[in-house]
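# Descriptive analysis of the structure
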Amino acid sequence: MNQLKGITLAFSSFYQLGDTRNIDSVSWAYAVQREKEFFLSSEGSYDYRVFQSPIQKAPIDPRVNVSRLNLCPIKVNRLFVKATAFSSIVHVGNVSLVSMDARVKHIRQLEDAEGSTGQTQSEEIEGSN
């Protein structure tokens, strides 16, 4: 790799060049979106099910044997990445074990016809690889 160029690298993300044994990335987000802008100091608790539920990970079988013969190894001269965010990884090289966990609690509060806070919509997103 001769050149890696990126415009934006944010929110616990990183570029990793070279071989890595383990990557373990975690991102938790609590997002409140309102039509009328105000903030309550008591908001931001991670006491929701999406944050408390354990992630079921597949068992790792260390008995897997791999043998390779790279007659023509991959060569990259230049890599351009526009944006990397929210615990994502740009990795160039070998990695043995990768675990990525992203959990998001979205709350949207909409105003009713009189302008006061009315309906609340809530969505939980869990993901892991």
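Residues numbered from 1 in each chain as written. Predicted model: local features only at pLDDT ≥ 70, side-chain atom pairs only at ≥ 80, totals over all residues. Heavy atoms only, no water.

### Re the environment of Val-92
One can find Val-92 in strand S5 (residues 89-92). According to the relative accessible area criterion, Val-92 is partly exposed, its value standing at 25%. Along the sequence, Val-92 and Leu-17 sit 75 residues apart, while their C-alpha atoms lie 5.0 Å from each other. Apart from the residues lying within four places of it in its own chain, the contact partners of Val-92 are Met-1, Gln-16, Leu-17, Gly-18 and Leu-79. (Helix = DSSP H or I, 4+ residues; strand = E, 2+ residues; numbered from the N terminus. Buried < 20%, exposed > 50% of the residue type's maximum accessible area, 1.4 Å probe, protein only. Contact = heavy atoms within 4.5 Å.)

### Description of the layout of surface pockets
By volume, the largest pocket is sized at about 350 Å³. If you trace the largest pocket, you find 14 residues lining it, with Ile-74, Lys-75, Val-92, Gly-93 and Asn-94 closest to the centre. For the lining of the largest pocket, the per-class residue count stands at seven nonpolar, four polar and three charged. (1 Å grid on protein atoms, 1.4 Å probe; cavity = no way out; pocket = protein on both sides within 12 Å on 5 of 7 lines; lining within 4 Å. Points joined across faces, edges and corners; volume = space filled by probe spheres on them. Nonpolar A, V, L, I, M, F, W, Y, C, P; charged D, E, K, R; others polar.)

### Some points on the confidence of the model for the chain
Counting all residues, the mean pLDDT for the chain is 82, and 87% of those residues have values of 70 or more. For the chain, strand S7 (residues 117-128) is the element with the lowest average pLDDT, namely 60, and strand S4 (residues 78-84) is the one with the highest, namely 91. (pLDDT = per-residue confidence, 0-100.)

### Focus on the environment of Leu-17
For Leu-17, the location among the structural elements is in strand S2 (residues 14-17). In this structure, the C-alpha to C-alpha distance between Leu-17 and Asn-94, residues 77 residues apart in sequence, is 9.3 Å. The residues touching Leu-17, leaving out its near neighbours within four places in the chain, are Leu-4 and Val-92.

### Re the packing of aromatic side chains
Under the counting rule described, the total for this entry stands at four aromatic pairs. Between the aromatic rings of Trp-28 and Phe-51, the centroid separation amounts to 5.2 Å while the plane-to-plane angle is 40 degrees, which identifies the pairing as tilted. Linking Trp-28 in strand S3 (residues 20-34) with Phe-51 in helix H1 (residues 49-52), this pair joins segments that are 23 residues apart in sequence. Under the relative-accessibility criterion, Trp-28 is labelled partly exposed at 35%. On the basis of relative accessibility, which here comes to 3%, the residue Phe-51 falls in the buried class. Plain terms: the ring middles of Tyr-46 and Phe-51 are 4.7 Å apart, the flat faces sit at 90 degrees to each other, and that makes the pair edge-to-face. Here Tyr-46 falls in the partly exposed class, since its relative accessible area comes to 35%. Every member of this aromatic cluster is reached through a ring pair, and the members are Trp-28, Tyr-46 and Phe-51. (Phe/Tyr/Trp six-rings, centres within 6.5 Å; stacked < 30°, edge-to-face > 60°.)

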